[in-house]
Amino acid sequence: MAADLVLRGARVIDPASAFDRVADIYVRGGVILDIAPTDEPLPATHAIDVSGLVLCPGLIDIHVHLREPGGEQKETVATGTRAALAGGFTAVCSMPNTDPPTDRPDRLREVAAILSRDAACIVHPLAAAILDRDPARLSDFAALREAGALAVTDDAMPIQDEDIMARALMAAGDAGMTFVAHPELDVAGDAGVVSDPPLAAELGVPYVGPEREAEGIAAWHRAAQVVTGRTPARLHLAHLSSAEAVAAYRVFLADAVLAGLTAETCPHYFSLTAAAVREFAADAKMNPPLRGPDDVAAVTAALVDGTIGVISTDHAPHAPAEKAAGLASAPFGIVGLETALGVVIEYLVRPGALSLMDALAKMTIGPARALGLPGGRLLVGEPANLTLIDTAAAWTVAPDRFLSLSRNTPFRGMMLHGRAVMTVLNGRVVMEDGEVLI
Ligand SMILES: [Zn+2]
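The rules behind these values
- Residues numbered from 1 in each chain as written.
- Predicted model: local features only at pLDDT ≥ 70, side-chain atom pairs only at ≥ 80, totals over all residues.
- Heavy atoms only, no water.
- Helix = DSSP H or I, 4+ residues; strand = E, 2+ residues; numbered from the N terminus.
- Rg over C-alpha atoms; globule rule 2.2 N^0.38 Å.
- Buried < 20%, exposed > 50% of the residue type's maximum accessible area, 1.4 Å probe, protein only.
- Contact = heavy atoms within 4.5 Å.
- Areas by Shrake-Rupley, 256 points an atom, 1.4 Å probe, with all protein chains shown as cover.
- Lys, Arg positive; Asp, Glu negative; His and termini not counted.
- Charge placed at Lys NZ, Arg CZ, Asp CG, Glu CD.
- Pairing = 2+ DSSP bridges.
- pLDDT = per-residue confidence, 0-100.
- 1 Å grid on protein atoms, 1.4 Å probe; cavity = no way out; pocket = protein on both sides within 12 Å on 5 of 7 lines; lining within 4 Å.
- Points joined across faces, edges and corners; volume = space filled by probe spheres on them.
- Nonpolar A, V, L, I, M, F, W, Y, C, P; charged D, E, K, R; others polar.
- Disulfide = S-S within 2.5 Å.
- Axes fitted to C-alpha atoms, helices over the stretch in contact; angles between N-to-C directions.

Asks: I would appreciate a short explanation of the overall build of the chain in the present structure.
Replies: Scanning the chain from N- to C-terminus turns up 13 helices and 18 strands. In terms of overall size, the chain behaves like a compact globule, its C-alpha atoms giving a radius of gyration of 21 Å where 438 residues would be expected to give roughly 22 Å. Expressed along its principal axes, the backbone C-alpha trace of the chain runs to roughly 65 × 50 × 40 Å. Here the chain holds 438 residues, and 59% of them are scored as buried. For the chain, the proportion of contacts with a sequence separation of at least 24, taken over those separated by at least 6, is 76%. Accessible area of the chain: about 15,900 Å², with a carbon and sulfur share of 52%. For the chain, the centre of its 33 positive side-chain charges and the centre of its 54 negative side-chain charges are spaced 2 Å apart.

Rendered as structure tokens:
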């Protein structure tokens with residue numbers, strides 16, 4: 001039986017099976033038909049020569065704000081998912097802090113309707129753990145699971161109360177969902193903006209230290225100790241950014257009180273420091289904030305030793321007019337879908353901190369396992385979702401060319417090496433050389 005398509009001669013890397021060799025990938029009916037040595041060609045209707053490129057499972061980003069409904073001036077499902085394909089991602093998890101938030105089954109179904117109409121890549125919508133934006137009330141996790149959510153999260157509404165954290169872990173465990181926590185505790189009252197005291201003073205904006213994040217992780221750790229053994233709870237900690245957070249997470253991991261505990265960091269936390277706000281102002285403002293060189297080193301070390309197994313973008317688009325409000329009052333967040341892979345290769349792979357296989361693991365099988373998502377590996381009979389990467393391609397970040405509706409990035413003008421040059425979704429080439437074909 002002839003394949004519909006063969007991608008010939010790429011260096012095929014599948015971190016889930018530690019596979020790294022030149023091979024041909026055959027696709028039929030949208031699924032992988034065979035992964036075969038190049039010297040035994042099989043019949044195929046259409047062939048693409050991809051020699052010289054790296055081929056890996058379609059990248060997965062479990063932390064993306066698509067903004068629709070309610071924030072269409074920042075991003076829509078159509079633009080955000082096309083930005084994902086351009087960045088090499090075939091699947092993303094969308095965050096539920098839309099307007100209205102996705103905190104009820106009927107709202108989840110409304111989001112699903114938008115996705116089936118407009119999404120260009122696979123989207124797994126996460127559900128809001130907080131009901132009606134009231135951090136004292138939890139939504140009905142079992143009903144949200146029933147309506148299709150694979151995980152729940154307190155994104156944008158970090159839970160402050162340890163009793164509620166414990167209840168949330170119990171409910172998520174009972175419903176068979178991972179809880180994605182934003183570990184941020186209001187230890188000093190206000191959130192602040194810049195994580196470097198002299199720089200905050202110089203720029204006249206409030207300081208925020210790493211305690212917020214480290215105390216948040218410690219609070220989730222204590223909540224986990226309360227529920228241990230009572231339910232198979234799985235917790236995923238969003239965007240670790242500081243040495244203190246990494247240290248608190250190491251203690252939590254060593255305690256082994258949960259059925260599953262994972263954590264992510266984002267490209268900006270291992271590549272930039274707080275100094276970026278001098279040049280990029282509000283385009284370098286996110287939560288948690290950029291930290292110092294020691295934090296960059298600690299986050300990188302945790303990626304290298306495997307403590308942090310997931311790299312996500314926290315893609316958080318904001319319209320130019322919103323970011324123009326200035327460092328103190330502009331909203332938090334930066335876009336990341338179209339720069340993530342380049343930053344990972346430039347800052348982790350090229351300096352030799354991580355092998356390409358280990359780096360790609362944190363963007364494929366790592367995130368899939370953390371949230372129990374399909375994909376993230378190359379397997380005969382599974383959907384042919386593939387990313388082809390030119391690891392040597394030198395390019396300059398030009399936000400004007402983003403497919404995202406927003407431009408808020410502190411990587412503007414940076415020269416990076418490595419980018420996705422082709423994205424294949426269900427056996428179909430949907431992105432080539434930055435151009436999305438659907
Ligand atoms: Zn977020």
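Asks: It is not clear to me how the sheet that holds strand β13 (residues 260-265) should be interpreted in this structure. Could you clarify?
Replies: Either a parallel or an antiparallel arrangement is found when strands of a sheet pair, and the pairing is made through backbone hydrogen bonds. On the basis of which strands lie adjacent, the open sheet formed by 6 strands has the order β9-β10-β11-β12-β13-β14 and parallel pairing. The sheet terminates laterally at β9 (127-128) and β14 (310-311), the two strands that pair on one side only. As paired strands, β9 and strand β10 (residues 151-153) are joined by 2 bridges and run parallel to one another. Across the sheet, the residue bridging to Ala128 is Thr153, located in β10.

Asks: What should I look at first to understand the confidence of the model for the chain in this one?
Replies: Detail in the predicted coordinates should be disregarded across regions flagged by low pLDDT. Overall, the prediction assigns the chain a mean pLDDT of 96, with 99% of residues at 70 or greater. Taken element by element, the chain is modelled with least confidence in helix α5 (residues 197-203), mean pLDDT 95, and with most confidence in β14, mean pLDDT 99.

Asks: Honestly, the layout of surface pockets in this entry has me stumped. Any pointers?
Replies: Gaps between atoms show up when a probe of the same size as a water molecule is rolled over them. Taken as a whole, the largest pocket encloses approximately 470 Å³ of empty space. If you trace the largest pocket, you find 24 residues lining it, with Arg67, Asn97, Asp155, Ala156 and Phe332 closest to the centre. Residue classes in the lining of the largest pocket are distributed as 7 nonpolar, 11 polar and 6 charged. Put simply, the second largest pocket is a space of about 300 Å³. Around the second largest pocket sit 18 residues that line it, and Glu338, Trp395, Arg401, Arg419 and Gly434 are the ones nearest its centre. Among the secondary structure elements, those contributing two or more residues to the lining of the second largest pocket are α11 (340-349), β15 (386-396) and β16 (415-425).

Asks: Help me understand the state of the cysteines, please; the structure alone is not making it clear to me.
Replies: In a disulfide, the sulfur atoms of two cysteines are held together by a covalent bond. All told, the structure shown has 0 disulfides when counted by the stated rule. No disulfide involves Cys121; its sulfur sits 10 Å from that of Cys93, the nearest cysteine. Residue class for Cys121 comes out buried when judged on its relative accessible area of 6%. Of all cysteine sulfurs in the structure, the one in Cys93 sits closest to Cys266, which takes part in no disulfide; the separation is 14 Å. Judged by relative accessible area, Cys266 falls into the buried class, the value being 0%.

Asks: What is the right way to read the sheet that holds strand β8 (residues 122-125) from this model?
Replies: Reading across the sheet, the 3 strands line up as β6-β7-β8 and stay open at both edges, with parallel pairing between neighbours. Of all the strands in the sheet, the pair left with one neighbour each is β6 (59-64) and β8. Across this sheet, the average inter-strand angle for adjacent strands is 20°, counted without regard to direction. Examined bridge by bridge, strand β7 (residues 89-94) and β8 share 4 bridges and lie parallel to one another. Counterpart to Ala91 in the pairing with β8 is Ile122.

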